[in-house]
Amino acid sequence: MEARRRLVSLDELKEQAAAATPARDAWAALGGASATRNELKVIAEIKRRSPSKGDLASIADPAELAVQYADGGASVISVLTEQRRFNGSLADFDAVRKAVDVPLLRKDFTVDEYMIWEARAHGADLILLIVASLSDAELRDFTQLTRELGMNALVETHTAEEIERAVAADARIIGVNVRNLKTLDVDRSVFASLAGGIPPEAVIVGESGVRGVDDVRHYAASGANAILVGEALVSDDTPRQRIAEFTAAGAEAIAARV
């Protein structure tokens, strides 16, 4: 971030953000205003590698993959822009932004308001705020700035205490990541134990651990309105069909819980 700041000042970013096309409504795209929420929304991720699994996919053309995601029915597309750990970039984000019109999540470790202005300047509609990495003041201020810029924030939690902090910051889209940040292990049962603590008016997102339709059904049956999927899609030769399968499986599970 500091290297980018030396090239583009905050004032320049603010000018670029003001000139950017207004943010798309990721809240609505994820069913936020829906009275029934009878569909499970998919946030499909463009992700080359991860700290837990290493290299996942080369993804020579992120724009082409994004088009497949959109054609398959993804409600939001997430693009990793963190370089050192995930081999992502803002160049990937820019390529995807030009290729699709669905809301985009700039997936990175947001630690400074500079990154929020930067996301909006590049056409992001949604940013990631990880409760574990932010103070209450930062979480509140970053959430407020995000809304002032017309965007939404996916506020990621791992514990009941973090959910309370997210709710206190007026988060409208709350993710429960079932991957332990310290061990990187995945425990899908964590989602069911925590999702009930999230207010029903919030969009609830299940994060990590989606390998196939059984995992999708688990999240949907446990209260998820959306799932964030990366590895299962980038490692599949038919991501368009996989998204359609996940959406159908989620709808069945939601219908069963109702």
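The text that follows walks through the structure, step by step, so that each part is easy to find.

Rules used throughout
Residues numbered from 1 in each chain as written. Predicted model: local features only at pLDDT ≥ 70, side-chain atom pairs only at ≥ 80, totals over all residues. Heavy atoms only, no water. Helix = DSSP H or I, 4+ residues; strand = E, 2+ residues; numbered from the N terminus. Rg over C-alpha atoms; globule rule 2.2 N^0.38 Å. Buried < 20%, exposed > 50% of the residue type's maximum accessible area, 1.4 Å probe, protein only. Axes fitted to C-alpha atoms, helices over the stretch in contact; angles between N-to-C directions. Parallel < 35°, antiparallel > 145°, perpendicular 65-115°, else oblique. Left-handed = near helix turned anticlockwise from the far one by under 90°. Contact = heavy atoms within 4.5 Å. Nonpolar A, V, L, I, M, F, W, Y, C, P; charged D, E, K, R; others polar.

1. With respect to the overall build of the protein
Here is step 1: When helices and strands are tallied, the protein shows 12 helices and 10 strands.
Here is step 2: What you see for the protein is a C-alpha radius of gyration of 17 Å, in line with the 18 Å of a compact globule of 258 residues.
Here is step 3: For the protein, the C-alpha atoms occupy an extent of roughly 50 × 40 × 35 Å along the three principal directions.
Here is step 4: Of all 258 residues assigned to the protein, the portion counted as buried reaches 53%.

2. A word on the packing of helix H4 (residues 62-72) against helix H5 (residues 90-99)
Here is step 1: Taken N-terminus to C-terminus, the directions of H4 and H5 make an angle of 45°; their axes are 8 Å apart at the nearest point. With respect to their mutual orientation, H4 and H5 come out oblique. In this structure, the crossing between H4 and H5 has a hand that is right-handed. Residues Pro62, Ala63, Ala66 and Val67 of H4 lie in contact with H5, whose contacting residues are Asp92, Ala95, Val96 and Ala99.
Here is step 2: In terms of residue class, the contact of H4 with H5 is built from 7 nonpolar, no polar and 1 charged.

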